[in-house]
Amino acid sequence: MTLLAIIFFIGVGATAIMDLWGWLRKRVFGGKGLDYGLVGRWIAHMPHGRFRHDNIAAAPKKPGERLIGWSAHYGIGIAFAGLLIGLGGAEWAARPTLGPALAVGIGTVAAPFFLMQPGMGAGIAASRTPRPNAARLQSLLTHAVFGLGLYVAAWAAPF
């Protein structure tokens with residue numbers, strides 16, 4: 001298996017585990033999960049020079065925004081798996097350990113805190129949301145689950 005295939009497998013697997021966590025959290029605790037269509041809307045506005053919104057839900061809809069959002073979600077998961085393999089090497093993928101996977105997973109929370117949330121109108125680290133600390137905790141837990149997913153997907157990889 002090539003290194004790119006390994007990265008792809010781990011990234012898709014970890015992202016799917018994160019999505020399963022989101023689905024379970026929504027079913028068990030209620031609440032609302034992230035709408036990847038809104039992520040797609042945010043991305044689809046970028047080629048037109050619009051990188052920040054006061055409220056992405058109020059921004060004009062864009063064709064294909066749901067597909068764009070979900071594709072970006074999985075593409076970013078694959079990129080973060082590439083970061084982990086870049087840091088830990090193919091040796092880590094062959095004999096995964098939990099520490100590096102959790103460190104990368106938790107570290108990836110910087111992306112929503114400092115890029116996505118401000119760009120979509122939620123402020124830095126969800127500061128403009130009704131319950132910022134609850135939103136931060138959910139983001140942190142979700143990215144820790146992504147880190148766990150990196151570890152589990154590496155163990156499940158067929159190599």
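Calculation notes
- Every chain is numbered independently, its residues counted from 1 as its sequence is written.
- The model is predicted, so local features are restricted to residues of pLDDT at least 70 and side-chain atom pairs to those at 80 or more, both for listing and for counting; the totals for chains, interfaces and linings are taken over all residues.
- Hydrogens and water are ignored here; the side-chain numbers use all heavy atoms of the structure.
- Helix numbers and strand numbers start at the N terminus; a helix is a DSSP run of H or I with at least 4 residues, a strand a run of E with at least 2.
- Throughout, the radius of gyration refers to the C-alpha atoms, and the reference size of a globule is 2.2 Å times the residue count to the power 0.38.
- Residues belong to one nonpolar core when they are buried, are Ala, Val, Leu, Ile, Met, Phe, Trp, Tyr or Cys, and are joined through side-chain atoms within 4.5 Å.
- Exposed residues in this analysis have more than 50% of their type's maximum accessible area, buried residues have under 20%, and partly exposed residues fall in between, with area computed by a 1.4 Å probe over protein chains only.
- Known as pLDDT, the predictor's confidence for each residue is given on a scale from 0 to 100.
- In this analysis an axis means a line fitted to C-alpha atoms, helices contributing only their contacting stretch, and an angle means the value between N-to-C directions, from 0 to 180 degrees.
- In this scheme, roughly parallel covers angles under 35 degrees and roughly antiparallel covers those over 145, while 65 to 115 is roughly perpendicular and the rest are oblique.
- Handedness of each helix crossing follows the sense of rotation of the near helix against the far helix: counterclockwise by less than a right angle gives left-handed, clockwise gives right-handed.
- In what follows, residue pairs with any heavy atoms lying within 4.5 Å of each other are defined as contacts.
- Any residue with relative accessible area above 30% and no salt bridge may belong to a patch, with like charges joined within 9 Å and the nonpolar Val, Leu, Ile, Met, Phe, Trp and Tyr side chains within 5 Å.
- Here the Shrake-Rupley method, with its probe set to 1.4 Å, supplies the accessible areas, and only the displayed protein chains count as covering residues.
- Salt bridge, as used here, is a side-chain nitrogen of Lys or Arg placed within 4 Å of a carboxyl oxygen of Asp or Glu.
- Take the number of residues in a helix, subtract one, and multiply by 1.5 Å to get its expected span.
- For a residue, the bend is simply the angle between two axes, fitted respectively to the seven-residue segment ending there and the seven-residue segment starting there.
- To be clear, the arc concerns the directions from the helix axis to the C-beta atoms.

*Asks:* Teacher, can you tell me more about the overall build of the protein chain here?
*Replies:* Secondary structure summary: the protein chain contains 6 helices and 0 strands in total. Starting at the N terminus, the α and β elements of the protein chain follow one another as α-α-α-α-α-α. Relative to the 2.2 N^0.38 estimate, which gives 15 Å for 159 residues, the radius of gyration of the protein chain is 16 Å and therefore close to what a compact globule would have. Its C-alpha atoms give the protein chain principal-axis dimensions of roughly 45 × 35 × 25 Å.

*Asks:* Looking at this structure, I do not really get the nonpolar core. What am I missing?
*Replies:* Proteins that are soluble and globular tend to have nonpolar side chains buried together. Core analysis: the largest hydrophobic core is formed by 24 residues, its most contacted members being Ile10, Trp92, Met120 and Leu150. Of all elements in the fold, only helix H1 (3-29), helix H2 (36-45), helix H3 (65-94), helix H4 (98-107), helix H5 (110-120) and helix H6 (132-156) reach the threshold of two or more residues within this core.

*Asks:* Honestly, the confidence of the model for the protein chain in this entry has me stumped. Any pointers?
*Replies:* The predicted structure's coordinates, where accompanied by low pLDDT, should not be read in detail. Taken residue by residue, the protein chain gives an average pLDDT of 95. The fraction at 70 or more is 99%. Across the protein chain, element-level confidence peaks in H4 with a mean pLDDT of 98 and bottoms out in H1 with 94.

*Asks:* What am I meant to see in the packing of H1 against H3 here?
*Replies:* When two helices pack together, you describe them by how their axes are tilted relative to each other and by the distance separating the axes. Interaxial distance between H1 and H3 falls to 7 Å at its minimum, and their mutual angle equals 125°. In terms of orientation, H1 lies oblique with respect to H3. Of the two elements, H1 crosses H3, and the hand of that crossing is right-handed. Of H3, the residues touching H1 (which contributes Leu3, Ile6, Ile7, Phe8, Ile10, Gly11, Val12, Thr15, Ala16, Met18 and Asp19) are Trp70, His73, Tyr74, Gly77, Ile78, Ala81, Gly82, Ile85, Ala90, Trp92 and Ala93.

*Asks:* I would appreciate a short explanation of unusual backbone geometry in the present structure.
*Replies:* In terms of backbone geometry, most residues other than glycine have negative phi values and most peptide bonds are trans. One non-glycine residue with positive phi stands out, namely Ala125, at about 50°. Checked against the element boundaries, Ala125 lands in the loop between H5 and H6.

*Asks:* Where do I start with a nonpolar patch on the surface in this structure?
*Replies:* A cluster of nonpolar side chains, namely Leu20, Trp23 and Leu24, defines an oily patch on the protein surface of about 300 Å² accessible area. Looking at the element boundaries, Leu20 is found in helix H1. Note on Leu20: relative accessible area 47%, which makes it partly exposed.

*Asks:* Help me understand the side chain of His45 in this model?
*Replies:* Looking at the secondary structure, you find His45 in helix H2. Aside from chain neighbours lying at most four places away, what touches His45 is Arg50, His53, Ala59, Pro60 and Lys62.

*Asks:* Would you explain H3 in this entry?
*Replies:* An α-helical turn contains 3.6 residues, so a residue and the one three or four places further along point in the same direction. The end-to-end C-alpha separation of H3 is 37 Å, well short of the 44 Å expected for 30 residues at 1.5 Å each. Along H3, the sharpest change in direction is near 105° and occurs at Gly88. By the burial criterion, the buried members of H3 are Glu65, Gly69, Ala72, His73, Gly77, Ala81, Leu84, Ile85, Gly89, Trp92 and Ala93. The secondary structure elements touched by the buried residues of H3 are H1, H2, H4 and H6.

*Asks:* Sorry if this is basic, but what is going on with the side chain of Ser139 here?
*Replies:* Within the secondary structure, Ser139 sits in helix H6. Under the relative-accessibility criterion, Ser139 is labelled buried at 13%.

*Asks:* Looking at this structure, how should I read H4?
*Replies:* Every buried residue belonging to H4 is among Ala101, Val104 and Gly105, and all of these are buried. Axial view of H4: buried residues confined to an arc of 100°, hence all on one face. If you follow the buried residues of H4, they end up packed against H3 and H6.

*Asks:* I would appreciate a short explanation of the pattern of salt bridges in the present structure.
*Replies:* Side chains that carry opposite charge are capable of pairing whenever their charged atoms lie near each other. What the rule picks out here adds up to 3 salt bridges. The shortest N-O distance in the salt bridge between Glu65 and Arg41 comes to 2.8 Å. With Glu65 in helix H3 and Arg41 in helix H2, this residue pair connects regions lying 24 residues apart in the sequence. A relative accessible area of 12% means that Glu65 is categorised as buried. Judged by its relative accessible area of 4%, Arg41 falls in the buried class. A salt bridge links Arg52 to Asp54, with the shortest nitrogen-to-oxygen separation between them at 3.1 Å. On the accessibility criterion, Arg52 (48% relative accessible area) is partly exposed.

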